[in-house]
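# Per-entry structural report
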Amino acid sequence: MEAPVQIEPYNPAWPEAFLAERDLLAPVLERWLAGRIEHVGSTAVPGMSAKPVIDIMAPVKDLESSRPALGALQAIGYCYAPYKTDVMHWLCKPSPELRTHHLHLVPLNSRLWIERLAFRNLLIADPSVARDYAVLKHRLAAAYRHDRERYTEEKGPFIETVLRGALGAV
């Protein structure tokens, strides 16, 4: 059974947790990396309340050539799940039931890559958008506490609207 969706106040240790995990991942992923490993999601936004899960996005050339990375990542404790396989390889650790890290292997400069970075950067740059997003997350976490997938889906329209304003047509 998955852990319930729980939003916690910002934790200043989150950036350090990302850096430690990036340092673990970089040598393992070295041959597949097409750029810099990024801290994404709400734990990457100073002051933002979030699920206490470090979201990491690693750029790869393409999904097919990076498939062998999945075995290398399993060797360091990541669990692969076939989620949105048309746009990324998705992994978590230490288990799907209790997650401390999400790792997304995403083709560099793909639509998903660009949108995830744009949304993170917008939340950092615009406190009013960050505030509105935090309110939404708290509301959705209360409504979908035991449905992580629905919680994520319900954030979609807000994210799409914000990105449309920031990037034009999404």
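Residues numbered from 1 in each chain as written. Predicted model: local features only at pLDDT ≥ 70, side-chain atom pairs only at ≥ 80, totals over all residues. Heavy atoms only, no water.

Next up on the list: the layout of surface pockets. For the largest pocket, the calculated volume is near 1,100 Å³. Lining the largest pocket we find 37 residues, and of these Lys84, Arg116, Thr152, Lys155 and Ile159 sit closest to its centre. Of all the secondary structure elements, the ones that give two or more residues to the lining of the largest pocket are strand S5 (99–107), helix H4 (111–125), helix H5 (127–143) and helix H6 (148–167). If one sorts the elements of the lining of the largest pocket by residue count, H6 sits on top with ten residues. Looking at the lining of the largest pocket residue by residue, the classes come out as 15 nonpolar, seven polar and 15 charged. Lining the second largest pocket are Ala3, Pro4, Gln6, Glu8, Lys51, Pro52, Val53, Leu98, Arg99 and Arg148. By residue class, the composition of the lining of the second largest pocket is five nonpolar, one polar and four charged. (1 Å grid on protein atoms, 1.4 Å probe; cavity = no way out; pocket = protein on both sides within 12 Å on 5 of 7 lines; lining within 4 Å. Points joined across faces, edges and corners; volume = space filled by probe spheres on them. Helix = DSSP H or I, 4+ residues; strand = E, 2+ residues; numbered from the N terminus. Nonpolar A, V, L, I, M, F, W, Y, C, P; charged D, E, K, R; others polar.)

For the rest of this paragraph, the subject is unusual backbone geometry. The linkage connecting Lys93 with the following residue, Pro94, adopts the cis geometry, with an omega of 0°. Among the structural elements, Pro94 can be located in strand S4 (residues 89–94). Unusually for a residue other than glycine, Lys84 sits at a positive phi of about 50°.

Enumeration over the complete set of coordinates arrives at seven salt bridges. With its nearest N and O atoms 2.8 Å apart, the salt bridge here joins Glu21 to Lys93. Remark: Lys93 occurs in strand S4 and Glu21 occurs in helix H1 (residues 14–29); sequence separation between them is 72 residues. The buried category is assigned to Glu21, whose relative accessible area is 7%. The class for Lys93 is buried, based on a relative accessible area of 15%. The salt bridge involving Arg36 is made with Glu38; its shortest N-O contact spans 2.9 Å. Three or more residues are tied together by salt bridges with common partners; here these are Arg36, Glu38 and Arg120. (Salt bridge = Lys/Arg side-chain N within 4 Å of Asp/Glu carboxyl O. Buried < 20%, exposed > 50% of the residue type's maximum accessible area, 1.4 Å probe, protein only.)

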